[in-house]
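If you want the building blocks of each chain, they are given just below.
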Amino acid sequence: NAGVMQNPRHLVRRRGQEARLRCSPMKGHSHVYWYRQLPEEGLKFMVYLQKENIIDESGMPKERFSAEFPKEGPSILRIQQVVRGDSAAYFCASSVAVPTYNEQFFGPGTRLTVL
Amino acid sequence: KNEVEQSPQNLTAQEGEFITINCSYSVGISALHWLQQHPGGGIVSLFMLSSGKKKHGRLIATINIQEKHSSLHITASHPRDSAVYICAAMNYGGSQGNLIFGKGTKLSVKP
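Cut-offs used in this document
Residues numbered from 1 in each chain as written. Chains lettered and ligands numbered in written order. Predicted model: local features only at pLDDT ≥ 70, side-chain atom pairs only at ≥ 80, totals over all residues. Heavy atoms only, no water. Helix = DSSP H or I, 4+ residues; strand = E, 2+ residues; numbered from the N terminus. Rg over C-alpha atoms; globule rule 2.2 N^0.38 Å. Buried < 20%, exposed > 50% of the residue type's maximum accessible area, 1.4 Å probe, protein only. Contact = heavy atoms within 4.5 Å. Lys, Arg positive; Asp, Glu negative; His and termini not counted. Charge placed at Lys NZ, Arg CZ, Asp CG, Glu CD. Buried area = accessible area lost by both parts, 1.4 Å probe. Salt bridge = Lys/Arg side-chain N within 4 Å of Asp/Glu carboxyl O. Polar contact = N/O pair within 3.5 Å; in protein donor to acceptor, adjacent residues only side chain to side chain. Disulfide = S-S within 2.5 Å. 1 Å grid on protein atoms, 1.4 Å probe; cavity = no way out; pocket = protein on both sides within 12 Å on 5 of 7 lines; lining within 4 Å. Points joined across faces, edges and corners; volume = space filled by probe spheres on them. Nonpolar A, V, L, I, M, F, W, Y, C, P; charged D, E, K, R; others polar.

Focus on the overall build of chain A
Here is step 1 of the chain: Counting secondary structure elements, chain A contains zero helices and 11 strands.
Here is step 2 of the chain: Reading the secondary structure of chain A in the N-to-C direction produces β-β-β-β-β-β-β-β-β-β-β.
Here is step 3 of the chain: Whereas a compact globule of 115 residues would reach a radius of gyration of roughly 13 Å, chain A reaches 13 Å, a difference of no more than 12%.
Here is step 4 of the chain: On the principal axes, the C-alpha backbone points of chain A span a range of 40 × 30 × 25 Å.
Here is step 5 of the chain: Of all 115 residues assigned to chain A, the portion counted as buried reaches 44%.
Here is step 6 of the chain: Counted over contacts in chain A with a minimum sequence separation of 6, partners at least 24 positions apart contribute 54%.
Here is step 7 of the chain: Once the 16 positive and 11 negative side-chain charges of chain A are each reduced to a mean point, those two points are 7 Å apart.

Written out as structure tokens, the structure is:
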């Protein structure tokens, strides 16, 4: 049973380009979360999605960032017109049901570097 | 003041020592998570607990809901336990998906 998968593991972009980060949840999990870890800082919640729905995006920057979790395929975190401050590790997690009482399993992360 | 506070920030131990990492939180929670982040960066979920105590191998996690405090203990520590340990609170009544993270405790176990 494969765990949460993220790709790419490392992504380098120049300022102004777009970054697309993918997350495939564990089999049977329909709840996905994205977190960001800035250098030398703790993890911060970004967005919580269920299939085809955004449940909570209170941690997502209002501009340039978007997330989706389509009926088929992985969840995508998209960052448009990247800036140096977007350089961070982005982690995805998934759970089998609502997060209130269900464990979240984390992927290996995507390390984004913006030149 | 952060809603989730961990102590100590850094911890160095000799192999074999008993280790305790503390986590205090100020929000109402439905559950508290302990996570381990290795130098390579990957995150592993160690425990999720909402009351009492859980044990897995040499790791023990406890939580006191009334005191809003949790501890992670490592018995017979080993160099391979060297990692950053993070506690995270699932905020009850707040945003549905919002885990609030502590800043982590960096543990180094010397042989």
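There's more to say after this.
Thoughts on the interface of chain A and chain B
Here is step 1 of the chain: With 21 residues of chain A in contact, the opposing surface of chain B contributes 20 residues.
Here is step 2 of the chain: When the two sides are added together, the surface that chain A and chain B hide from each other amounts to roughly 1700 Å², 60% of it contributed by carbon and sulfur.
Here is step 3 of the chain: Run the count over chain A and chain B and you get zero salt bridges.
Here is step 4 of the chain: In this assembly, chain A and chain B are joined by two residue pairs in polar contact (both at pLDDT 80 or more).
Here is step 5 of the chain: Counting only elements with at least two residues in the side of chain A that touches chain B, the list comes to β4 (31–37), β5 (43–50) and β6 (53–56) of chain A.
Here is step 6 of the chain: Broken down by element, the side of chain A that touches chain B gets its largest block of residues, four residues, from β5 of chain A.

Examining the state of the cysteines
A covalent bond between the sulfur atoms of two cysteines is referred to as a disulfide.
Here is step 1 of the chain: In this structure the tally under the stated criterion is two disulfides over all chains.
Here is step 2 of the chain: The disulfide partner of C23 of chain A is C92 of chain A, and the S-S distance across this bridge is 1.7 Å. In this structure the cystine formed by C23 of chain A and C92 of chain A twists about its S-S bond by roughly -45 degrees; its chirality is therefore left-handed. Taken as a pair, C23 of chain A in strand β3 (residues 19–24) and C92 of chain A in strand β9 (residues 88–95) lie far apart in primary sequence, 69 residues in all.
Here is step 3 of the chain: Relative accessible area serves as the criterion here: at 0%, C23 of chain A is assigned to the buried category.
Here is step 4 of the chain: Paired through a disulfide, C23 of chain B and C87 of chain B show a sulfur-sulfur distance of 2.0 Å. Negative torsions about the S-S bond denote left-handed disulfides, and the value of about 70 degrees found for C23 of chain B with C87 of chain B makes this one right-handed. Here C87 of chain B lies in strand β9 (residues 83–91) and C23 of chain B lies in strand β3 (residues 19–25), a separation of 64 residues in the sequence. This pair shows no difference in class: C23 of chain B is buried, exactly as C87 of chain B is.

Topic: the layout of surface pockets
Leftover empty space is mapped by rolling, across the atoms, a probe with the size of a water molecule.
Here is step 1 of the chain: Here the largest pocket is characterised by a volume of approximately 720 Å³.
Here is step 2 of the chain: If you go around the largest pocket, you meet 28 residues; those closest to its centre are Q37, E40 and E41 of chain A together with Q37 and V84 of chain B.
Here is step 3 of the chain: Listing elements by their share of the lining of the largest pocket, those giving two or more residues are β5 and β9 of chain A together with β9 and β11 (105–110) of chain B.
Here is step 4 of the chain: When grouped by side-chain class, the residues that make up the lining of the largest pocket number 10 nonpolar, 12 polar and six charged.

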